[in-house]
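If you want the building blocks of each chain, they are given just below.
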Amino acid sequence: MASNSFSSEFGTTSSHNEEGSVVRVQQSTGLSGTVRVSGAKNSVLKIMAASLLAPGQYVLNNVPHIADVKWMANLLETMGASISHQKDVMQIEIPEEMTPIAPYELVERMRASIVVLGPLLARFGKAKVSVPGGDDFGHRPIDMHLKGLEELGVSFTNSHGYIEGEVKKLVGGKVLLNFPSVGATENLLMAAVLAEGITVIENAAREPEIVDLVYFLNSMGAQITGEGTSTIQIEGVGHLSPVEHTVIPDRIEAATYIAALGMAGGQIVIEEARLEHMEMLAEKLHEMGIEIGQVDGGISVCVSKRLRSVDLATLPYPGVATDYKPFIVALLSISDGVGIVTENIFAGRFRYVDELIRMGADIRAEGHHAVVRGVERLSGAPVRAPDIRAGAALVLAGLAAEGETLVGAASHIERGYQNLVGNLSSLGAKIELVNHQSI
Ligand code: UD1
């Protein structure tokens, strides 16, 4: 079972203390070598949920050993699935009979669990899912998920912290999202594939992870067109079958290594990374002075001098993703000049700024904006990872900081990276994972 075979560079997750591990980073210069990115977290979680749509045996390749994948596996197992995860191959056995309930204990751990709602309603006509609360990004509503599913005929009731949906037969319709929400687009896709008639999602999210999900659904027998554009059309089918699928590479992990180079300088190759999934980001980073190019089997990155500051605004894909922003704020904190960063997706996503300030950064953040004045040097300090990407950004800041940086609550980083510490170390960074007690 997934829970037994799960392990990572951090050790077996189930047995390690949530707050116990700390990443120790020393100033590092001149990274070199080759690193390989894992399968995309934000893709595999949704594809695992999509397996609920048809009984049988699925094989997923390029599945990373990260905590969020383990939680999604636990969630599917709670409903009746059997899962094994050996190396990067996951096998999922979905039975005929299942319990379409996503309990509080699991949804609370991983907000992305909400994407089981669409496939459960499509397959069983009912679902009971704990309402996800807010998180480190701030307020995270699911109104668009629910409104869209109501357009397809679902009725919802909300009691005791759970949302319960019921529908006799899903019927296709037109759904206009008032924001291109990734999660709402995914839930609607996974419901509409088995609905009667045609569904059109207008103002749909266009992320590569949505395209990967559509590729998976179409290979199961779904009839979806327009993925990667703002209008997705789904013609409902009566039957889907299990398949084998290879998950796309993680563009956010790739961006993490690019940013590591921006902090420490040097030249590396990131295997599997696809420039076509991160064009706007690459353009911004190029403006800052990072040389990025597609090579056979990956991308090459070179940084030979101090970076220049730029202004930046996060936007839905193909704009610069909100998940990249903590890395860019870390880069700006030591770049030449002043950069203004605007967050357009999640209002509260500047929590790590205070930690960077502890390291000597000159940043003023208010509401959706941060003004980052580049300083000559950061200085190492104990800090705390508030979430996955912000935690990684603090590790990156440690590469450029004089002395030692200790990034606490490293379990947050583990939620999204299979081997961040090991990979950075293999590129020459002075970094290790230590137990809280041994510091
Ligand atoms: C996904 C990603 C996350 C990324 C985000 C935006 C996963 C597991 N997570 O999150 O890493 O940062 O996309 O690229 O794939 N909103 C509403 N009502 C809704 C749904 C969303 O108001 O019903 C708002 C959110 O509060 C936010 C914005 O829409 O302001 C975007 O959210 P969304 O695209 O849905 O993000 P997630 O799918 O949760």
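Note that the coordinates shown come from a computational prediction; the quantities given were computed from them, not determined experimentally.

Participant: Help me out: how do you make sense of the pattern of salt bridges in this one?
Facilitator: Applying the stated criterion across every chain, the model contains 11 salt bridges. Across the pair Glu432 and Arg24 runs a salt bridge whose closest N-O atoms are separated by 2.9 Å. Of this pair, Glu432 sits in strand 26 (residues 430-435) while Arg24 sits in strand 1 (residues 21-26), and the two are 408 residues apart along the sequence. Residue classification places Glu432 among the partly exposed positions, given a relative accessible area of 39%. Close ionic contact of Lys41 with Asp68 constitutes a salt bridge, the shortest N to O distance being 3.7 Å. Within this pair, whereas Lys41 is found in helix 2 (residues 41-50), its partner Asp68 is found in helix 3 (residues 67-79), the two being separated by 27 residues in sequence. A relative accessible area of 1% means that Asp68 is categorised as buried.

Participant: Could you clarify how one ought to interpret the packing of aromatic side chains in this entry?
Facilitator: In total, this model carries 1 aromatic pair according to the counting rule given. Considering the side-chain rings of Tyr58 and Phe216, the 6.1 Å spacing of their centres and the 35° angle between planes classify their relative orientation as tilted. With a gap of 158 residues between them, Tyr58 in strand 3 (residues 56-61) and Phe216 in helix 8 (residues 208-220) connect regions that are remote in the sequence. Looking at Tyr58, the relative accessible area reads 0%, which means it is buried. The side chain of Lys128 reaches across the aromatic face of Tyr162, ending 5.1 Å from its centre. Its end group placed over the ring of Phe350, Lys325 keeps NZ or CZ at 3.9 Å from the ring centre.

Participant: Got a minute to help me understand the layout of surface pockets in this structure?
Facilitator: Where empty space is left becomes clear once a probe the size of a water molecule has been rolled over the atoms. Roughly 290 Å³ of volume is contained in the second largest pocket. Together, 19 residues line the second largest pocket, and Gly262, Met263, Ala264, Ile334 and Ala400 are the ones closest to its centre. When residues of the lining of the second largest pocket are traced back to their parent elements, those giving at least two are helix 9 (251-264) and helix 13 (388-400). Considering each element in turn, the lining of the second largest pocket owes the most residues, 3 residues, to helix 9. Taken together, the residues of the lining of the second largest pocket sort by class into 8 nonpolar, 6 polar and 5 charged.

Participant: Explanation requested: the site of the ligand in the structure shown.
Facilitator: Near the ligand lie 21 residues; those nearest to it are Lys46, Arg140, Asp143, Ser181 and Ile345. Taking Pro141, its main chain carries an N or O atom lying 3.4 Å from an oxygen atom of the ligand. Ser181 places a side-chain nitrogen or oxygen 2.6 Å from an oxygen atom of the ligand. Protein chains bury 85% of the 750 Å² of accessible surface belonging to the ligand in isolation. Residue assignment for the shell around the ligand shows that the elements contributing at least two residues are helix 2, helix 6 (143-151) and helix 7 (182-192). For the shell around the ligand, the leading source of residues is helix 6, giving 3 residues. Among the residues making up the shell around the ligand, the classes are represented as 8 nonpolar, 6 polar and 7 charged. Of the domains in this structure, domain 1 (2-38 + 249-438) and domain 2 (41-246) are the two that each give at least three residues to the shell around the ligand.

Rules used throughout
- The residue numbers shown here count from 1 along each chain, following its written sequence.
- With pLDDT at 70 or above as the cut-off, local features in this predicted model cover only qualifying residues; side-chain atom pairs require 80 or more to be listed or tallied, and sums for whole chains, interfaces and linings still use all residues.
- Think of the side-chain values as coming from all heavy atoms in the structure, minus any hydrogens and water.
- Salt bridge criterion: a side-chain nitrogen from Lys or Arg within 4 Å of a carboxyl oxygen from Asp or Glu.
- By definition, any uninterrupted DSSP run of H or I lasting at least four residues is a helix, any uninterrupted run of E lasting at least two residues is a strand, and each is numbered from the N terminus.
- Only protein chains enter the accessibility calculation, which uses a 1.4 Å probe; a residue whose area is less than 20% of its type maximum is buried, one above 50% is exposed, and one in between is partly exposed.
- Stacked, tilted and edge-to-face are the three classes assigned to paired rings of Phe, Tyr and Trp, where Trp is represented by its six-membered ring and a pair needs centres within 6.5 Å; plane angles under 30 degrees give stacked, over 60 edge-to-face, the rest tilted.
- Whether a charge lies above a ring is judged from NZ of Lys or CZ of Arg, which has to be within 6 Å of the ring centre and within 35 degrees of the ring normal.
- The way it works is a 1 Å grid over only the protein atoms, where trapped points that fit a 1.4 Å probe form a cavity and open points with protein on both sides within 12 Å along at least five of seven lines form a pocket, and then any residue with an atom within 4 Å of a point lines it.
- Grid points are joined across faces, edges and corners, and a volume is the space filled by probe spheres set on the points.
- Throughout, the ten residues Ala, Val, Leu, Ile, Met, Phe, Trp, Tyr, Cys and Pro are labelled nonpolar, Asp, Glu, Lys and Arg are labelled charged, and all others, Gly among them, are labelled polar.
- When at least one non-hydrogen atom of a residue lies within 4 Å of a molecule or strand, that residue is treated as near it.
- Between N or O atoms, a polar contact is any pair within 3.5 Å; within protein, one atom must be a potential hydrogen donor and the other a potential acceptor, and residues adjacent in sequence are included only when both atoms are from side chains.
- Here the Shrake-Rupley method, with its probe set to 1.4 Å, supplies the accessible areas, and only the displayed protein chains count as covering residues.
- Each domain's limits were defined by an automated method or a database of domain assignments.

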